[in-house]
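# Coordinate analysis (summary)
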Amino acid sequence: RPPLLPEVISGSLAITLGETVKLDPSSVRLGKIAEATLSGSLAQSLDATALLADPSARINEWQSAAIDVQGDLDFESLDWLARFLPQLRETSGALSGTIAVTGTVKDPVPTGRLVLEDGSARYRGLPPLEHAQVEVMLKPGHLTIDRADFELGASPVSIRGTVLSDQEFPRIDATITGTEV
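Residues numbered from 1 in each chain as written. Predicted model: local features only at pLDDT ≥ 70, side-chain atom pairs only at ≥ 80, totals over all residues. Heavy atoms only, no water.

### Notes on the packing of aromatic side chains
- Enumeration over the complete set of coordinates arrives at one aromatic pair.
- Centre to centre, the rings of Phe75 and Trp80 are 6.0 Å apart; their planes meet at 25 degrees, and the pair counts as stacked.
- We classify Trp80 as buried; its relative accessible area is 13%. (Phe/Tyr/Trp six-rings, centres within 6.5 Å; stacked < 30°, edge-to-face > 60°. Buried < 20%, exposed > 50% of the residue type's maximum accessible area, 1.4 Å probe, protein only.)

If you want it as structure tokens, here you go:
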């Protein structure tokens, strides 16, 4: 089992095979970690006979196939993150969001929005991060931090800005304000 996956994954996926591969609205539960609702389509038929006859041609067709996938995510708790980072002693909060992927299988275009409510983290050697309220938007080539308000060691901090990733090196344009930080 991959380390980031929970022990129990449950739910159902409703997939329709035809001229396109269609995922009807489906709900998946990732143990006690999260719930996701997914739907979408892939503009390519699944022809097993053709795939076996000429796998590389079919793979090329699939890579150029248009995709249109949407999902809603709801992480009820973030305490599981501490298991994967030894210096991170504790995490909490609720993370939710929406994501959409369009484009092609080879060149996907993700967009989305994530919201963290009442987040906190305790990292060895650093002051505690508490009462985090964060909203970020993902668009092609950049991530916008609409709001990142939190307390770092009981001092209020706010961050607003953009991370541009459509260049050779990511560029961060941000305003950070705080008191006694």
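Let's pick the thread back up.
### Remarks on unusual backbone geometry
- The phi dihedral of Asp118 falls on the positive side, at around 50 degrees, and the residue is not glycine.
- On the secondary structure map, Asp118 appears in strand S6 (residues 108-123).
- The backbone of His131 shows a phi angle near 55 degrees, a positive value even though the residue is not glycine.
- Within the secondary structure, His131 is located in strand S7 (residues 129-139). (Helix = DSSP H or I, 4+ residues; strand = E, 2+ residues; numbered from the N terminus.)

### A short note on the side chain of Thr144
- Of note, Thr144 is situated in strand S8 (residues 142-152).
- Judged by relative accessible area, which is 18%, Thr144 ranks as buried.
- Not counting chain neighbours up to four residues away, the residues in contact with Thr144 comprise Glu135, Val136, Met137, Gly161 and Thr162. (Contact = heavy atoms within 4.5 Å.)

### Re the pairing of S8
- One ladder, built from nine bridges, connects S7 with S8; its direction is antiparallel. Bridge pairing in S8 places Val134 opposite Ala148.
- In sequence, S7 turns back onto S8 through a hairpin of two residues, with Gly141 there showing a positive phi of about 85 degrees.
- Of the pairings in the sheet, the one linking S8 to strand S9 (residues 155-164) comprises nine bridges and is antiparallel in character. Counted as the bridge partner of Thr144 is Thr162 from S9. (Pairing = 2+ DSSP bridges.)

### Notes on the pattern of salt bridges
- With the rule as written, the count across this model stands at eight salt bridges.
- Here Arg29 ties to Glu76 by a salt bridge, and the two come within 3.1 Å at their closest N and O atoms. Here the residue Arg29 occupies a position in strand S2 (residues 21-30), and Glu76 occupies one in the loop between strand S4 (67-75) and strand S5 (88-103), the gap between them amounting to 47 residues.
- With relative accessibility at 23%, the residue Arg29 sits in the partly exposed group.
- For Arg122, the salt bridge is made with Glu130, and the minimal N-O distance between the two is 2.8 Å.
- The class for Glu130 is partly exposed, based on a relative accessible area of 22%.
- What you see here is one network of salt bridges that share partners, running through Arg29, Glu35 and Glu76. (Salt bridge = Lys/Arg side-chain N within 4 Å of Asp/Glu carboxyl O.)

### Here we look at the sheet that holds strand S1 (residues 9-17)
- The strand order S1-S2-S3-S4-S5-S6-S7-S8-S9-S10 describes an open sheet built from ten strands, whose pairing is antiparallel. The open sheet has two free edges, formed respectively by S1 and strand S10 (171-178), since each of these has just one partner strand. Pairwise comparison of adjacent strand axes, ignoring direction, gives a mean angle of 10 degrees for this sheet.
- Bridge count between S5 and S6: 14 bridges; the pairing is antiparallel. Directly across from Gly103, in S6, lies its bridge partner Pro108. (Axes fitted to C-alpha atoms, helices over the stretch in contact; angles between N-to-C directions.)

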